[in-house]
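Results of the structural survey
Take a look at the letters that make up each chain.
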Amino acid sequence: MTSKLANGGKGEVLLEMRGLRIEGQADEIWHEIVCGIDLTLRRGEVLGLIGESGAGKSTIGIAAMGFTRPGCRISGGTITFDGIELTSAPEETKRRLRGSRIAYVAQSAAASFNPAHKLIQQFSEAPVQHGVLNSSQAAKDAIDIYHRLQMPEPDSIGFRYPHQVSGGQLQRAMVAMAMACKPDLIVFDEPTTALDVTTQIEVLAAIKDIVHQFNTAAIYISHDLAVVAQLADRIMVLRYGNLIEEGETRAMLDRPEETYTRQLLAVRSYRRDESPPTKEDPPLLEVRGISAGYGPHIKVLDDVSVKIGRKRTVAVVGESGSGKSTLARVVTGLLPPYQGEVFFKGQALPPSYKNRTQDQLRQVQMIYQMPDVALNPKQKVRDVIGRPLAFYLNMNEAARNRRVSDLLEMIELPADFADRLPGELSGGQKQRICIARALAAEPELIICDEVTSALDQLVAEEILKLLQRLQDDLEVSYLFITHDLATVRAISDEIVVMLQGRVVQQGGKTKVLTPPHHEYTELLLSSVPEMDPDWLDDLLEKRAS
Amino acid sequence: MKDFIKLMRSSPWSARFGMAVIVFYIAIAVFAPIVSSYGETEIVGSEFEPWGGAFLLGTDNLGRDMFTRMVFGARNTIGIAFVTTCLAFLIGGFFGLMAAALGGLVDQILSRLVYVLMALPPLIFALLLLTILGTSIPILIVVIAVLDSTRVYRLARAVAMNIAVMDFVEVARLRGEGLMWIIRREILPNSMPPLVAEFGLRFCFVFLFISALSFLGLGIQPPTADWGSMVRDNATLITYGDVTPLLPAGAIALLTVGVNFVVDWFLHKTAGLRDDQ
């Protein structure tokens, strides 16, 4: 299959992996995490690696540099980069390749830059170290690349420190750094996953552009097929360290061969029709004229009003820093507002959770973004779910155990999970336990704070469907906080669009999602990547005109 | 039980050695009257008798059997050090966790208070307090425990601070749980590994501290057998090239090394450190 594809490739073979096997150590036992992968990459070609977490895509990506993470080892196969066998090459040879001929762009630029040095100094480090350029040439080069990446103020931005530029700019500065020695190959490891959709576009456009300008080969790792489709010439779909499917991007999007690939392609198609608005007075929750912030000077929310009816889902959308999570903190009482009030069934709730009655606390429950830190690692599932039952509903042990089994059934997990610890569950299962804990309190409103953004796409979709089914059965309302418009489309009845602490548009889903939009809603909507390899080019063209 | 055997199998030789030493000391301390041939304070011979014969390790400056006093010394010194360390951890741990869980003014006041206590050198402070309050064993225990609890407080607070900001603690707060539940059920179980490791280290320090005080005459009072004062009482023998006074010192050193081996291993295991990192 590979040979057939190679005919359509661009230049000579740059990187070749044959039967690559990598093992990782856990509890003194070696497990295979990459199980015999063949990979061919030609000069100037962009290869997309896609799969859920644990697919081995990052491990393969860094193996392209002849490197493995601590606790991992290459147990078989070969990696040949431009004629050099990396698995057996001495450390010194590999060290000379890295940074100069193979570069790496990590997921979190903020964690990868040294906060104590200016961007341009960090840019110059690799070329000077490898003896490619001297420092004044490197500085000139940096400014040239900043221009090509269309960074704002390209002549001076290099003289800023990492904390003085935005997340998207920092990610582009890292791409520039990878380009510093004009490498033959760049490995991009989820470079846009931590960014907002609108920023993601800038970075994707910059990467696409610069890779073409220098004719650099690239491995682009992502869990998001729509993102990969914009850049890659060829895509490899991985799962549990095995290759599922490989093919040219367009061919794969048009005619996926494997069921798993089809599932990935369909991932954002889940939709639910908006339920008709109910006339109720008073609404279940009303947030009226809230202004809130941290400390006396930092105002995060400005005059925000939101209403949530019974059995309805209101989605609050916005980019990071828009104040959507702060809104959740005000509703739960973690952050008393400067102004405004929160009404529950027409009654004003005390601003701080400390002054709310047990019953008021019970009726509003919260589900968090990171199920890992939302569950106490030392408590068994039975205790996690059982505590609200004992605390709010005074159930005795026998009644609690029965209810825990019921709740586990409701979230579609087997009853024997009650005796597991959170460490023995997967991310999606943990999030289900968090849902069960919220349900145990028999609340009328559940606040979901980015509940699916830490999960793999297929798992996230299952969680959304579960939440939907629970709403149909139990008549709870959701305040759904998210940055992901696909999630909003899937689950919401009403949408509240937030920008810098203000509500810019709100209303029924159909109304908000059909034009004419507010200009910010338009920007958000058009920035969501689509499963179409021409989407990015078309969009950039449209925006330029 | 199976887990325990598996754990022991995977332990390095240093940890096994440390555990053997600790078990040996505990056995000696528990069975002191059976192991020894004479009474703890009984004068059985003349002063400074040589090793061998009726007296395995000779006699001390008052003619008491050295071996018997070594055995009873284990009981007294280890027992007192253990009780002191436990008390220090109760005080320091409780206030540290509370400062982290409550934060704000409570944290500020407790922390300043601890810094005031820590500003004074502990040995000098202890000498001062013991001179004023007297040198009975309960007072000795309380004074050292309070001084040592400042170190425990700082550690417990730092560890608990990182846990108190986690979402599962926020969940408990929002549920309306009381302070004690949050400390006991949410924060404490997750701060145990560093605290247990610190317990081992603190125990050694307390042990050395008591021995140092005894050597200076303000620790465990005669005629109770104690390794620190045994070194002092028999120190003159060193001038004659006799190693007997070094035996209690050696006993202290061996236990310290043993405990540290076990603590190192425990830290290594719980921190998930690997050799290649």
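Residues numbered from 1 in each chain as written. Chains lettered and ligands numbered in written order. Predicted model: local features only at pLDDT ≥ 70, side-chain atom pairs only at ≥ 80, totals over all residues.

**Examining the overall build of chain B**
Scanning chain B for helices and strands turns up 11 helices and zero strands. Shown N-terminal to C-terminal, the secondary structure of chain B runs as helices and strands in the order α-α-α-α-α-α-α-α-α-α-α. Dimensions of chain B, computed from the C-alpha atoms along their principal axes, are close to 75 × 50 × 35 Å. For chain B, restricting intrachain contacts to residue pairs at least 6 apart in sequence, the fraction spanning at least 24 positions comes to 66%. (Helix = DSSP H or I, 4+ residues; strand = E, 2+ residues; numbered from the N terminus. Contact = placed C-beta atoms within 7 Å.)

**Examining the sheet that holds strand 7 (residues 185-189) of chain A**
Residue and element names in this part refer to chain A. Read across the open sheet, the six strands follow the order 6-7-8-3-9-10; overall the sheet is mixed. Both edges of this open sheet fall to strand 6 (102-105) and strand 10 (242-248), since each of them pairs with a single strand only. Strand-to-strand twist across the sheet, computed as the mean angle between neighbouring axes with direction ignored, equals 15 degrees. Seen against the sheet, helix 7 (residues 167-179) touches strand 6 and strand 7 and runs at an angle of roughly 170 degrees to strand 6. (Pairing = 2+ DSSP bridges. Axes fitted to C-alpha atoms, helices over the stretch in contact; angles between N-to-C directions.)

**Brief notes about the domain arrangement of chain A**
All names here are of chain A. One can read the domain layout of chain A as domain 1 (2-265) and domain 2 (285-379 + 430-514). Each of domain 1 and domain 2 has a C-alpha centre, and these two points are 36 Å apart. Taken together, the six residues of domain 1 in the interface contact six residues of domain 2. Tallied by class, residues from the side of domain 1 that touches domain 2 come to no nonpolar, four polar and two charged. (Domains from an automatic or database assignment. Nonpolar A, V, L, I, M, F, W, Y, C, P; charged D, E, K, R; others polar.)

**Concerning helix 6 (residues 135-148) of chain A**
Because an α-helix packs 3.6 residues into every turn, residues spaced three or four apart end up facing the same way. Residue and element names in this part refer to chain A. Compared with the 20 Å implied by 1.5 Å per residue over 14 residues, the 20 Å span of helix 6 between its first and last C-alpha is a close match. For helix 6, the full list of buried residues reads A138, D141, A142, I145 and Y146. The buried side chains of helix 6 occupy one side of the element, clustering within an arc of 140 degrees when seen end-on. Exposed side chains of helix 6 directed beyond 90 degrees from the buried face belong to S136, K140 and H147. (Expected span 1.5 Å × (residues − 1). Buried ≥ 20, exposed ≤ 12 C-beta atoms within 10 Å, placed from the backbone. Arc of directions from axis to C-beta.)

**Description of the pairing of strand 3 (residues 46-50) of chain A**
All names here are of chain A. Counting buried residues in strand 3 gives five out of five residues, a clear majority hidden from the surface. Burial along strand 3 is two-sided: V46, G48 and I50 and L47 and L49, pointing in opposite directions, are all buried. Relative to strand 8 (residues 217-222), strand 3 is paired through five bridges, and the arrangement is parallel. Pairing of L49 across the sheet is with I221, part of strand 8. As judged from the four bridges shared by strand 3 and strand 9 (residues 234-239), these two strands associate in the parallel manner. Bridging from a neighbouring strand, L49 pairs with M236 of strand 9.

**Points about the sheet that holds strand 4 (residues 72-81) of chain A**
All names here are of chain A. With respect to topology, four strands assemble into an open sheet ordered 2-1-4-5, the strand pairing being antiparallel. Of all strands in the sheet, those bounded by a partner on one side alone are strand 2 (29-42) and strand 5 (84-85). Taken together, the two bridges between strand 4 and strand 5 define a ladder with antiparallel strand orientation. Within strand 5, the residue paired with F81 across the bridge is I84.

**As for helix 5 (residues 119-129) of chain A**
Residues and elements named next belong to chain A. Considered for burial, the residues of helix 5 that qualify are L119, I120, Q122, F123, S124, A126 and P127. Where helix 5 is buried, its residues touch helix 6 and helix 7. Looking one or two residues beyond helix 5, the residue adopting positive phi is G131, at roughly 70 degrees.

**Topic: the interface of chain A and chain B**
Each partner contributes to the interface: chain A provides 18 residues, whereas chain B provides 14 residues. Where the side of chain A that touches chain B is concerned, the elements lending two or more residues are helix 13 (358-363), helix 14 (371-374) and helix 15 (381-393) of chain A. Looking at side-chain class alone, the side of chain A that touches chain B contains 12 nonpolar, four polar and two charged residues.

**Focus: the nonpolar core**
Core analysis: the biggest nonpolar cluster contains 134 residues, and V316 and L479 of chain A together with I144 of chain B have the highest contact counts within it. No other element matches the 16 residues that helix 4 (residues 66-102) of chain B contributes to this core. Contacts of V316 of chain A, omitting those with residues within four sequence positions, involve K324, L327, L479, F480, I481, V496 and M498 of chain A. Counting 85 residues, the second-largest nonpolar core is a separate cluster that includes A63, I74, L119 and A138 of chain A. (Core = buried A, V, L, I, M, F, W, Y, C linked by C-beta atoms within 7 Å.)

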